[in-house]
Amino acid sequence: MDVSISLFQAFLMGVVYYLGIIGTPWTTVLGSASLFQKPLVAGTLVGLILGHPAEGVIIGAAIQLPYIALSSIPSDPGLAGVLGTAFAIVGNVDPATAITIAIPFGLLGTVVWVLHMTIDVAFVHMADKAAEQGDLKKVCFLHVVPPQIVAFAISVIPVMLGAYFGADYMARLVAMLSNDVLHVLQ
């Protein structure tokens, strides 16, 4: 299977990741987790984006397994599902190897979360000042719009660039690894 990722497909993958971020108002209720954050859902959508929906479902389900009982380990299943599935499809690897590819991306996703929360603190302070002045419209604006712009920028852009530029690298890396090395990674 020869699959490459176009810039538009990479952008769509970034949007899938953005929609899975906790607190994104478009797919969550009161800050709860989004279905898009689940590797099974993210993997399915990535498979659809890449034109390989069956592989997306299978790989997304495999990546979902380590996250079923995950509660104390800091990790981002959404990023693992999106980039793990994309690179597994492009690299034409089996679901067990896809998990090995995905888990480091999940850990990297915690950096995105910490960055997001750190930047959002500035908007909270701005909203506090607006509340002291009694400007409810500004409080509502600062609560939603700037944090979503930041979340979009720090999630879509890195995922888009990672998927677009990293896909060929990942395919070459998997091709270079012997079956024995891939078996050990599984």
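Residues numbered from 1 in each chain as written. Predicted model: local features only at pLDDT ≥ 70, side-chain atom pairs only at ≥ 80, totals over all residues. Heavy atoms only, no water.

Things to note about the overall build of the chain
Cut-off, in case you're wondering: Helix and strand definitions follow DSSP, with helices as H or I runs of at least four residues and strands as E runs of at least two, each counted in order from the N terminus. Three labels apply to residues, based on accessible area from a 1.4 Å probe with only protein chains included: buried if under 20% of the type maximum, exposed if over 50%, partly exposed otherwise in between. It only takes one pair of heavy atoms within 4.5 Å for two residues to be counted as in contact. Surface accessibility in these figures is a Shrake-Rupley result with a 1.4 Å probe; residues are shielded only by whichever protein chains are displayed.
The number of helices and strands found in the chain is seven helices and zero strands. Shown N-terminal to C-terminal, the secondary structure of the chain runs as helices and strands in the order α-α-α-α-α-α-α. Considering the chain as a whole, with its 186 residues, one finds that 42% of them fall into the buried category. Contacts in the chain between residues at least 24 apart in sequence constitute 70% of all its contacts with a sequence separation of at least 6. By element, 71% of the accessible surface of the chain is carried by carbon and sulfur atoms, the whole surface being about 9,800 Å².

Here we look at the packing of aromatic side chains
Under the convention used in this document: To pair, rings of Phe, Tyr and Trp, with the six-membered ring standing in for Trp, must have centres within 6.5 Å; the planes then decide the type, stacked if under 30 degrees apart, edge-to-face if over 60, and tilted in the middle.
Tallied over the entire structure, the rule returns four aromatic pairs. On the basis of an interplanar angle of 75 degrees and a centroid distance of 5.2 Å, the ring pair of Tyr18 and Phe152 is categorised as edge-to-face. Taken as a pair, Tyr18 in helix α1 (residues 7-19) and Phe152 in helix α6 (residues 136-176) lie far apart in primary sequence, 134 residues in all. Consider the rings of Tyr164 and Phe165, whose centres lie 4.9 Å apart with planes at 80 degrees: the pair is edge-to-face. One aromatic cluster is present, built from ring pairs that chain together Phe11, Tyr18 and Phe152.

A short note on a nonpolar patch on the surface
Here is the rule we go by: Surface patches are defined over residues having more than 30% relative accessible area and no salt bridge, joining like charges when they lie within 9 Å and nonpolar side chains (Val, Leu, Ile, Met, Phe, Trp, Tyr) when within 5 Å. Any carboxyl oxygen of Asp or Glu that lies within 4 Å of a side-chain nitrogen of Lys or Arg is treated as forming a salt bridge with it.
Taken together, the side chains of Leu7, Ile157, Leu161, Tyr164 and Phe165 define a hydrophobic patch exposed on the protein surface, amounting to about 480 Å² of accessible area. In terms of residue count, the dominant contributor to the nonpolar patch is α6 (four residues). Assignment of secondary structure puts Phe165 in helix α6. Under the relative-accessibility criterion, Phe165 is labelled exposed at 59%.

A look at the packing of helix α3 (residues 53-67) against helix α5 (residues 95-132)
Defined as follows: Helix axes are fitted only over the stretch in contact, all axes being lines through C-alpha atoms; the angle between N-to-C directions runs from 0 to 180 degrees. Any angle that is under 35 degrees is reported as roughly parallel, and any over 145 degrees as roughly antiparallel; angles of 65 to 115 degrees are reported as roughly perpendicular and all others as oblique. Throughout, a crossing is termed right-handed when the near helix is turned clockwise from the far one, and left-handed when it is turned anticlockwise from it by less than a right angle. Amino acids are sorted into nonpolar (Ala, Val, Leu, Ile, Met, Phe, Trp, Tyr, Cys and Pro), charged (Asp, Glu, Lys and Arg) and polar (every other residue, Gly among them).
Where α3 contacts α5, the two axes come as close as 9 Å, and the packing angle between them is 55 degrees. The angle between α3 and α5 places the two elements in the oblique class. In this structure, α3 meets α5 at a crossing whose hand is right-handed. Only Pro95, Ala98, Ile99, Ala102, Ile103 and Gly106 of α5 make contact with α3, whose side of the interface consists of Ile58, Ile59, Ala62, Ile63, Pro66 and Tyr67. Residue classes in the contact of α3 with α5 are distributed as 11 nonpolar, one polar and no charged.

A few points about the nonpolar core
Rule in force here: Buried Ala, Val, Leu, Ile, Met, Phe, Trp, Tyr and Cys residues that are joined via side-chain atoms within 4.5 Å together make up what is termed a nonpolar core.
One finds Ile5, Met13, Tyr17, Leu50, Val82, Leu83 and Val159 to be the most contacted residues of the largest nonpolar core, which totals 40 residues. For this core, the elements supplying multiple residues, two or more each, are α1, α2 (39-50), α3, α4 (77-91), α5 and α6. Counting residues per element, this core draws most heavily on α4, which supplies nine residues.

Some details on the packing of α1 against α4
A packed helix pair is summarised by two numbers, namely the angle formed by the two axes and the spacing between the axes. Orientation of α1 relative to α4, taken along the N-to-C sense of each, is 160 degrees, at an axis distance of 8 Å. Taken together, the axes of α1 and α4 are roughly antiparallel relative to one another. Taken as a pair, α1 and α4 cross one another with a handedness that is right-handed. Between α1 and α4, the residues in contact are Met13, Val16 and Tyr17 and Gly78, Leu79, Val82 and Ala86, respectively. Residue classes in the contact of α1 with α4 are distributed as six nonpolar, one polar and no charged.

Let's talk about the confidence of the model for the chain
To be explicit about the condition: Confidence per residue, as judged by the predictor, is encoded in pLDDT with a range of 0 to 100.
Of all residues in the chain, 81% attain a pLDDT of 70 or more, and the chain-wide mean is 84. Of all helices and strands in the chain, the one with the weakest mean pLDDT is helix α7 (residues 179-185) (56), whereas α2 scores best (95).

Examining α2
Note the following rule: For a helix, the expected span equals 1.5 Å multiplied by the residue count minus one. To be clear, the arc concerns the directions from the helix axis to the C-beta atoms.
Between its terminal C-alpha atoms α2 stretches 16 Å, which fits the 16 Å expected from 12 residues at 1.5 Å a residue. Buried within α2 are the following residues: Pro39, Ala42, Gly43, Val46, Gly47, Ile49 and Leu50. Taken around the axis of α2, the buried residues stretch over an arc of 160 degrees, which confines them to a single face. Turning to α2, the residues buried within the fold contact α1, α3 and α4. Looking one or two places after α2, you find Gly51, whose phi comes out positive at around 80 degrees.

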